[in-house]
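This is what each chain is made of:
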Amino acid sequence: MTDFGISRFGAYIPRLRLERAAIAAAHGWMAPGLKGQARGSRAFTSWDEDAITMGVEAARDALGGSDVAWVKAVRLASTSLPYADLQNAAIVARAIGAATGVATSDAAGSQRAGTSALLQALKGRETTMVIGSDNPIGKPASVQEISFGAGAAAFVVSDRDVVARLVGSATLSNVFVDHFRSADATSDYGWEERWVRDEGYAKIVPGAVKAALADAQLAIGDIQHFVMPSYLKGAADAVAKKLKFEGSVASGLEDGVGYAGAAHALLMLAATLEKAQPGERILLVGFGQGADVLIFQATDAIVAARPVRGVAGSIADALPTDSYMRMLSFAGGIEAEWGMRSEKSGKTALTEQYRSADQMEGFNAGRCGSCDTVQFPQLQYCVRCHAPSEQFSNVPLRDEQAEVLTSTADWLTYHPSPPLWVGFVRFDSGARMLMEMVDIGKQGIDTGAKLRMVYRIKEKDRQRGYNRYFWKSTPLSAV
Amino acid sequence: MATGIKDKVAILGMGCSKFGERWDAGSPELMKEAFEEALADAGIERKQIEAAWFGCWGDGINVGNSSIPAAMALRLEGIPVSRVENMCATGTEALRGATYAVASGAVDIALAIGAEKLKDTGFGGLPPPFKGTFNDLWMPMGSAPAGFAQLAPYYRSKYGTSKEDLKRAISHVSWKSHQNGVHSPKAHFQKAVSMETIMSAPMISDPLGLFDCSGVSDGSACAIVTTPEIARALGKKDLVTIKALQLATSSGRETQTNDWDGSYVATTRVAAARAYQEAGITDPKTQVSLSEVHDCFSITELVTMEDLGFSDDGRAVFDILDGRYDRDGAMPCQIDGGLKCFGHPIGASGLRMAYEVYNQLLGRAGERQLSNTTIGMTHNLGGVPYQGIAAISVLGLV
C-alpha cells in the first residue's frame, strides 16, 4: 500500500486584532459580565475578507510556492460561505491557480464540516486541497462575539512526501442541538452551556475517541497530542481528563485568534503539526451533530514540512486595532452613514468577468513575446513594442514580491475601511500597476516598502449581494 | 505634408457664464448665458452657425448624453451637433472639433460650447466616474486628489525637495490664484486667502489640503470660430487666431511600465512639444505672455510649469516662490483665478481658459488686464497624471 496522508499544510488568520477588553468595554453598560471574558485579543476579518479569501491565503501558505498542478480536488469547509448558490470552492481553486480539471466542492452546515472534509479526502486516493475557513459572527454583546475569531487552515492530502498519515478514525452522527443557525440568520441560537458540556462533549466525544482508537489499534496512552476545538472554555481539558489522557492538550488558540467555527479543528491541527515530532500521534476531534475523530502519526518528513507562515506565524503577524465599532462595522453590525459617494453602483459585468477570468482570477500578467515586457492588465497589444497579445505568455503576479513606488491615503473616496491606501506597485518581474494596499497600520507605508499579494474582495455589490474578488497588496508583515 | 492649424482659424466671439454654485440655473440656462455673450461678441445671428460641438463630461449626473441637450437649449435648428467627452480635456476637445471643421473648409462658422452642472449631485466634490466593465474588475477606485497627490513623493525624491518646501510652493500656487480671483467677477471664488490658512487647511489627500483642490462648479463657456478672412469681412479688426491645438492621450505606458518616474505628466510634455512646433514657438519662457493651466490641484500646476517648459526641471518650486507666475511676474498664470478660483465645471473649463486668454489678448480683461500680451496658452488635463489626456491650445494675435 502506498503511503497516503497529509503532505503539506498552512494557515491564515486575519491580521486585524482587537483586545477583548475593548469589546467588553463597549458593552459594559448592558452586559457588565462580559468583563470576565475579556482576556487577550481576537482576530477579525477586514471588510474585504471572508471564507473565500481566507481560504485562498491558507491554501497558498500550504502550497508554499510549490506547483499547484498536482492538486486534483479542492474542498472548502465553512459555515460562513459567502454564497449559497455559487460554488465558493471553485472561486478558491481559480485563485490558487488550480487547473480547470480540478474537482471542487463546498462542505458546510456544521462545526464538523472541516474534519469531515479532511477525513473524506484522506479516505480517498486523490490529491486534494482541504480547506477549513470560517468567520462566525456573534451578536453584539454575546459571549460568541467576544470569544469567536476567524481564520483558515489548509491541507494537501496526497501520496507524496507524507508528513502525517491517518492511522485510525471514527465518526458518530446524532442530532444533539447545542446551537443552530437557520439558513437566513447571521448568528447562532444556543442552549445552556452546562448541558452542552456535560451531555454533549463529555458523553459524545469519548465514545467516538474509543471507536477511533480501536480502529487504529491504539490505546489513549499512545497519543501525544489531543486536539479538540470547542467554543466552551475548558471543554477539551474536561474530555481529556475523562479519557485519562496524559499528553499535551492542544491550545484552543483563544489569544490572537478566537474560535473560528468549522475551521477551528483544522487550525488547531495545523498548529499541532507545526510542533509535532516524528512518530508522535495526534488525535483530532471535530464536534457537531456527533463527532469525527481522526488519529494521525507524524512521519520523519514532518520536520522539514513546516509552512512558511502557518498558525504560529499568522498569530505573530498581528495588526492591533482599537475600535470595537470598526469590527462591528466590518461584521455588518451597523449601518453607518457612508455618504452619497457610496451610492455608486457596484454591479459586476459577469460577461466581462468571465472573459477576463484568466487574468483576474490567477493574477496573470503577460510577458510580451517580442520585447519581454511584463504587463498587467494584458490588453490587445504590448504597452511598449505594440506586438499583438497573441505573443504573450502568462506571468502570475500573485506569488511575486513587489514594492511600493508611491502611495497615498485617500480619505475622500468611498471606502468601507477609510482611508483607501492606493498607489503604484512595482513587481520583481518589472510589471507595474496601480493597486490597493491593505492592512496598513497607523504609520502608513513608505516608498520602497516590500509587498506581497493577497486575494480580497475588490468590491461589494450591496444592492445585489455579489462580491467581486481581486488581488491587493499588503506589507510583508504587519507593521 | 500636414501643415497644422496655425492661423487657419480665428475666434469670432466668446462667452462665459458666471461660474459657481449656480443653484439658480440648470445646464440650459448656463449654456444660454455663454452663448448669448458669444453671439453678441461675434456679431452674428444663431442661424449663421453651421455646425456645433458640445462638450460635457458627466452625462449621467447632469446634462444628459448626446448632443441633443445643447441643440435643444440653444435651439440649434437642423445643423450637425456633436457631443464630445474627454474627461477634463472636454472643453478643449469641443474647441478642437469646431476649429478643425472650419479649417477643413467644411463649414464657415462653427460653435464650440462646454457645460457642466456639477452641483445637482447633492454632495461636494466629483461623483466617482465609471471606469468601464474591465477596469472595474481590478483598478482601485481612488478619488481625483489621490491620483494627483501621488505626483508629490515622486517629485520630491527626484529633486530632493523637502516636504516643507513643496508644501510652501503648492500653497503659493493656490494663494496666487486666490489673489487673482478677487478681480474676476465671473469666478466662483473671489476672495483672497492667506498663506497661513492655505497651509493649515484640513488634509484631503496628503500633501493636498482643502485649498490645494480646485472648486467644483457649475458653468458654461463658448467659442464661435471662423476663418480669418470671414472674421475680417464681418468687421473684426484685432484677430485672435488659433496657433496650435494639440492633444495627447495615455496609451498605458506610464501605468504599466517603469519608463515613467512619476514626477511629471508625460502627456503634457508630448502635447506641448507638438503645440510649440505647430505654433512656431521655440522658447516658451520668453514667447508665451500668459497661461491658463489645469490647476485641478496645486501640485498639478507646479509640475505643469515644468512640463510646458516654463520652468526648468526641478526649478518650479523656486520659480513659483519667486513669484514668476504671479500677476506681476514674468509669466502670469491663472490670471482669472484658474480652476482653483474661477471654478471647474469640467466640460466648460478648456473653453473658459481660452475665454480669458482671448480677452487678455484683445485687451478686454478689465481689472485683470496684463500688458503686452501676444501669445497665450491653455492647458487641460483629463484623467490622472499617470493615465490621462493633455490638451493644449496656443492663441495669439495675428
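Structure report, in brief. (Residues numbered from 1 in each chain as written. Chains lettered and ligands numbered in written order. Predicted model: local features only at pLDDT ≥ 70, side-chain atom pairs only at ≥ 80, totals over all residues. Heavy atoms only, no water.)

With that settled, the discussion passes to the overall build of chain A. Helix and strand counts for chain A stand at 12 helices and 24 strands. Relative to the 2.2 N^0.38 estimate, which gives 23 Å for 479 residues, the radius of gyration of chain A is 23 Å and therefore close to what a compact globule would have. Taken along its principal axes, the extent of the C-alpha atoms in chain A is 70 × 60 × 40 Å. Put simply, chain A has 479 residues, and 59% of those count as buried. The contacts in chain A between residues at least 6 apart in sequence include a share of 73% that link residues at least 24 apart. Accessible area of chain A: about 19300 Å², with a carbon and sulfur share of 51%. Each charge class in chain A was averaged separately, 50 positive and 52 negative side chains, and the resulting centres sit 1 Å apart. (Helix = DSSP H or I, 4+ residues; strand = E, 2+ residues; numbered from the N terminus. Rg over C-alpha atoms; globule rule 2.2 N^0.38 Å. Buried < 20%, exposed > 50% of the residue type's maximum accessible area, 1.4 Å probe, protein only. Contact = heavy atoms within 4.5 Å. Areas by Shrake-Rupley, 256 points an atom, 1.4 Å probe, with all protein chains shown as cover. Lys, Arg positive; Asp, Glu negative; His and termini not counted. Charge placed at Lys NZ, Arg CZ, Asp CG, Glu CD.)

Take unusual backbone geometry next. Residues Phe376(A) and Pro377(A) are joined by a peptide bond in cis, for which omega reads -5 degrees. Structurally, the position occupied by Pro377(A) is in the loop between strand S17 (374-375) and strand S18 (393-396). The omega torsion across Asp206(B) and Pro207(B) is 5 degrees, close enough to zero to call that bond cis. In the Ramachandran plot, Asp372(A) falls in the positive-phi region, its phi being about 75 degrees despite a non-glycine side chain. A positive phi angle is found at Asp7(B), which is not glycine, with a value near 65 degrees. Within the secondary structure, Asp7(B) is located in the segment before strand S1 (10-16).

With 77 residues, the main nonpolar core has Met129(A), Phe363(A) and Phe427(A) as its most contacted residues. Ignoring any residue separated from it by four or fewer positions in sequence, one finds Phe427(A) in contact with Phe363(A), Leu397(A), Glu400(A), Gln401(A), Ala402(A), Met433(A), Met435(A) and Met453(A). Val422(A), Ala169(B), Val288(B) and Val317(B) belong to the second largest nonpolar core, which has 57 residues in total. (Core = buried A, V, L, I, M, F, W, Y, C linked by side-chain atoms within 4.5 Å.)

Turning next to a nonpolar patch on the surface. A cluster of nonpolar side chains, Val175(A), Val177(A), Phe180(A), Tyr189(A), Trp191(A) and Trp195(A), forms an exposed patch at the surface whose accessible area comes to about 690 Å². In this structure, Val175(A) sits in the loop between strand S8 (164-173) and strand S9 (179-180). (Patch = residues over 30% accessible without salt bridge, like charges linked within 9 Å, V, L, I, M, F, W, Y side chains within 5 Å. Salt bridge = Lys/Arg side-chain N within 4 Å of Asp/Glu carboxyl O.)

Below, the discussion takes up the packing of helix H3 (residues 90-103) of chain B against helix H15 (residues 346-361) of chain B. Residues and elements named next belong to chain B. Packing of H3 against H15 brings their axes to within 5 Å, and their N-to-C directions diverge by 65 degrees. Counting all contacts with H3, which are made through Thr90, Gly91, Thr92, Ala94 and Leu95, the residues of H15 involved are Ile346, Gly347, Gly350, Leu351 and Ala354. Class assignment of the residues belonging to the contact of H3 with H15 gives a composition of five nonpolar, five polar and no charged. (Axes fitted to C-alpha atoms, helices over the stretch in contact; angles between N-to-C directions. Nonpolar A, V, L, I, M, F, W, Y, C, P; charged D, E, K, R; others polar.)

A separate point is the sheet that holds strand S1 (residues 5-12) of chain A. Residues and elements named next belong to chain A. Pairing is mixed across the open sheet formed by 10 strands, whose spatial order is S5-S4-S6-S7-S1-S8-S14-S13-S11-S12. Pairing within the sheet leaves two strands with one partner each, and these edge strands are strand S5 (103-107) and strand S12 (248-249). For S8 and strand S14 (residues 290-298), the ladder comprises nine bridges, and the chain directions are antiparallel. When the sheet's bridge partners are listed, Ser169 is paired in S14 with Leu294. In the packing of helix H8 (residues 264-273) onto the sheet, the strands contacted are S1, strand S6 (128-134), strand S7 (151-158), S8, strand S11 (225-227), strand S13 (281-287) and S14, and the crossing angle to S7 comes to about 65 degrees. (Pairing = 2+ DSSP bridges.)

Quick look at the interface of chain A and chain B now. Size of an interface: often given as the accessible area lost when the parts come together. With 41 residues of chain A in contact, the opposing surface of chain B contributes 39 residues. Summed over both sides, the interface of chain A with chain B buries roughly 3500 Å², with 57% coming from carbon and sulfur. Broken down residue by residue, the surface that chain A buries against chain B is led by Arg341(A), Val383(A) and Arg432(A), which jointly contribute 19%. At the junction of chain A and chain B, the tally comes to one salt bridge. Asp259(B) is the salt-bridge partner of Arg384(A), the closest N and O atoms lying 2.6 Å from each other. At the junction of chain A with chain B, the criterion picks out 14 residue pairs in polar contact (both at pLDDT 80 or more). By residue class, the composition of the side of chain A that touches chain B is 19 nonpolar, 11 polar and 11 charged. (Buried area = accessible area lost by both parts, 1.4 Å probe. Polar contact = N/O pair within 3.5 Å; in protein donor to acceptor, adjacent residues only side chain to side chain.)

This paragraph deals with the pairing of strand S4 (residues 110-117) of chain B. Residues and elements named next belong to chain B. The element S4 is largely enclosed, with a buried count of eight among its eight residues. Here S4 shows no split at all, with Ala110, Ala112, Gly114 and Glu116 on one side and Leu111, Ile113, Ala115 and Lys117 on the other all buried. Summarising the sheet, strand S2 (residues 51-55) and S4 pair through five bridges and their orientation is parallel. Directly across from Ala51, in S4, lies its bridge partner Ala110. One ladder, built from eight bridges, connects S4 with strand S7 (residues 218-226); its direction is antiparallel.

What follows concerns the pattern of salt bridges. Should their charged atoms come close, side chains of opposite charge can pair. As enumerated under the stated definition, the model contains 44 salt bridges over all chains in all. Here Arg464(A) makes a salt bridge to Asp461(A), at a shortest N to O gap of 2.9 Å. One salt bridge in this structure joins Lys186(B) and Glu37(B), with 2.7 Å as the shortest N-O distance. Taken as a pair, Lys186(B) in the loop between helix H6 (163-181) and helix H7 (195-199) and Glu37(B) in helix H1 (residues 27-42) lie far apart in primary sequence, 149 residues in all. You can call Glu37(B) partly exposed: its relative accessible area is 27%. Salt bridges sharing partners connect three or more residues here, namely Asp48(A), Glu49(A), Glu436(A), Asp439(A), Arg456(A) and Lys472(A).

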